[in-house]
Amino acid sequence: MTKILRRLSFFILILMQFAFLLAIFFDKMNAPLVLLFLGIISVLISLAYFKAPREEERYFIKDLYLILFAVTGAVSTFFINIELQFGPVIAAGFIGTLASFVPSMNRKSKLLKEVPPAVYCGAFVGMTSASVAPDLKFILFAGFIAGSILILSKNIFNGFGGKLGTIAFSSIAISSIILYTLT
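Only a predicted model underlies this, so the values are computations on that prediction, with no experimental measurement involved. (Residues numbered from 1 in each chain as written. Predicted model: local features only at pLDDT ≥ 70, side-chain atom pairs only at ≥ 80, totals over all residues. Heavy atoms only, no water.)

Regarding the side chain of Thr77
What counts is decided by this rule: To qualify as a helix, a DSSP run of H or I must reach at least 4 residues; to qualify as a strand, a run of E must reach at least 2; elements of each kind are numbered from the N terminus. In what follows, a contact means two residues having at least one pair of non-hydrogen atoms within 4.5 Å.
Note that Thr77 resides in helix α3 (residues 60-83). Once residues lying within four places of it in the same chain are set aside, the contact partners of Thr77 are Ala91, Ala92, Ile95, Ala123, Gly126 and Met127.

See the structure below:
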């Protein structure tokens, strides 16, 4: 089962990377140095993925909690952002700050140590504009997708900046494609 999840997470990450690089490629088609740089970076990222040490975890219930935390962060940030009209930055900052205090409730709990990143990833999802995310249904779905991607990439790209924001952006993009094609 973990082998399947590892391959699925690799496929999702490669697909996300390919989509971002393709967007840059079409934007900079007349700049060969930029294209060469993108090619080199792609090869180095792929090599880093295969060489990076990974720890396999088999905690299904813990993973479900992480999805729940991501959805909670997304919904609460969306509510503060849209309904209370405090704005996306204040809403995400408030939710992120609250989540940062959760591990101090029980310093020995491994689950509570993983709450802040999951909630903050969800907070990035909740920062989405009302023109992109028109209702709570969209945010719930995008939060679920973000939590799922967070679980799949839990032991990948640790220490690289922007992982949570990239996951949130990807979940919004995936949710938009799925929900707008179905309606």
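The rest of the description comes next.
Things to note about helix α7 (residues 136-152)
At 3.6 residues per turn, the α-helix brings residues three or four places apart onto the same side. Selection criterion: Here the expected length of a helix is defined as 1.5 Å per residue gap, with one fewer gap than residues. Burial status follows relative accessibility: with a 1.4 Å probe on protein chains alone, a residue under 20% of its type maximum counts as buried, one over 50% as exposed, and anything between as partly exposed.
An ideal rise of 1.5 Å per residue puts 24 Å on 17 residues; α7 measures up with 24 Å between its terminal C-alpha atoms. Of all the residues in α7, the buried ones are Phe138, Ile139, Ala142, Gly143, Ile145, Ala146, Gly147, Ile149, Leu150, Ile151 and Leu152.

Regarding the nonpolar core
Quick reminder of the rule: Throughout, nonpolar core names a set of buried Ala, Val, Leu, Ile, Met, Phe, Trp, Tyr and Cys residues whose side chains join them through atoms within 4.5 Å.
Grouped together as the largest cluster of nonpolar side chains are 33 residues, with contacts concentrated most on Phe69, Val115, Val119, Val125, Phe138, Ile139 and Ile167. Within the residue set of this core, elements represented by two or more residues are α3, α4 (88-100), α6 (115-126), α7 and α8 (163-182). If one sorts the elements of this core by residue count, α7 sits on top with eight residues. Once you skip the residues sitting within four places of it in the chain, Val115 turns out to touch Phe69 and Val102.

Here we look at the packing of α7 against α8
As a reminder, the rule being used: What counts as an axis is a line fitted to C-alpha atoms, over the stretch in contact for a helix, and the angles between N-to-C directions run from 0 to 180 degrees. Convention used here: angles under 35 degrees read as roughly parallel, angles over 145 as roughly antiparallel, angles from 65 to 115 as roughly perpendicular, and any remaining angle as oblique. The hand of a helix crossing depends on one turn: near helix anticlockwise from the far one by less than a right angle means left-handed, and clockwise means right-handed.
Two numbers describe how α7 lies on α8: the axes approach to 8 Å, and their chain directions differ by 130 degrees. Between α7 and α8, the angle falls in the class oblique. With respect to the hand of their crossing, α7 and α8 are arranged in right-handed fashion. Residues Phe138, Phe141, Ala142, Ile145, Ala146, Ile149 and Leu150 of α7 pack against Leu164, Ile167, Ser170, Ser171, Ile172, Ile174, Ser175, Ser176, Ile178 and Leu179 of α8.

Notes on the packing of aromatic side chains
As a reminder of what qualifies: A pair of aromatic rings is counted whenever rings of Phe, Tyr or Trp (Trp by its six-membered ring) have centres within 6.5 Å, and the orientation is called stacked for planes under 30 degrees apart, edge-to-face for over 60 and tilted otherwise.
Going through the model one piece at a time under the given rule, you end up with two aromatic pairs. Taking 6.3 Å as the distance between ring centres and 20 degrees as the angle between the ring planes, the aromatic pair formed by Tyr65 and Phe69 counts as stacked. With a gap of four residues between them, Tyr65 and Phe69 both fall in helix α3, about one helical turn apart.

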